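The primary structure of each chain is shown beneath.
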Amino acid sequence: MAPIAAGDSLPDGTLAHFDENDQLQQVSIHSLAKGKKVVIVGVPGAFTPTCRSDHYSLCYFTPLRFNSPSDL
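What counts, and where the lines are drawn
Residues numbered from 1 in each chain as written. Predicted model: local features only at pLDDT ≥ 70, side-chain atom pairs only at ≥ 80, totals over all residues. Heavy atoms only, no water. Helix = DSSP H or I, 4+ residues; strand = E, 2+ residues; numbered from the N terminus. Buried < 20%, exposed > 50% of the residue type's maximum accessible area, 1.4 Å probe, protein only. Contact = heavy atoms within 4.5 Å. Areas by Shrake-Rupley, 256 points an atom, 1.4 Å probe, with all protein chains shown as cover. Polar contact = N/O pair within 3.5 Å; in protein donor to acceptor, adjacent residues only side chain to side chain. Lys, Arg positive; Asp, Glu negative; His and termini not counted. Salt bridge = Lys/Arg side-chain N within 4 Å of Asp/Glu carboxyl O. Pairing = 2+ DSSP bridges.

Within the chain, the regular secondary structure consists of 2 helices and 2 strands. Mapped from its N terminus to its C terminus, the chain presents α and β elements in the order β-β-α-α. Counting only residues that meet the buried cut, the chain has 4% of its 72 residues in that class. For the chain, the proportion of contacts with a sequence separation of at least 24, taken over those separated by at least 6, is 12%. When the accessible area of the chain is evaluated, it comes to approximately 6,600 Å², of which 57% is carbon and sulfur surface.

Glancing now at the environment of Asp19. Here Asp19 is to be found in the loop between β1 (14-18) and β2 (24-28). Reaching out from Asp19, the side chain makes a polar contact with the side chain of Gln25 at a distance of 3.1 Å.

Quick look at unusual backbone geometry now. Unusually for a residue other than glycine, Asp22 sits at a positive phi of about 60 degrees. Positionally, Asp22 belongs in the loop between β1 and β2.

With that settled, consider the side chain of Asp19. For the buried Asp19, which has no salt bridge, the nearest side chain bearing the opposite charge is Lys36, at an N-O separation of 18 Å. Separated by 2.8 Å, the side chain of Asp19 and the backbone nitrogen of Gln23 make a polar contact.

We now examine the environment of Leu32. As for its placement among the helices and strands, Leu32 is situated in helix α1 (residues 29-33). Along the chain, Leu32 and Leu15 lie 17 residues apart, while their C-alpha atoms are 9.6 Å from each other. Setting aside residues no more than four positions away along its own chain, Leu32 makes contact with Leu15 and Val27.

Let us now look at the pairing of β1. The element β1 is barely covered by neighbouring structure, given that only 0 of its 5 residues are classed as buried. In terms of strand pairing, β1 meets β2 through 5 bridges, oriented antiparallel. Within β2, the position partnered with His17 by the bridge is Gln25. Where β1 hands over to β2, the hairpin turn is made up of 5 residues, of which Asp22 adopts a positive phi near 60 degrees.

Written out as structure tokens, the structure reads:
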């Protein structure tokens, strides 16, 4: 699959999460993103060759700041 670029349509897929009752819920990416601008943030998997300690600090200790919709 080719990388997603700014302005591309997001491919559909399924995300899973636990709700407030600890029940596994599944939701489609398209239903979550419909009519919205979306920012996708990813981190390398733990214990993979691309995982390093500086990734953790970059992703978790440097907050993303969006001051206006034009920042997206």
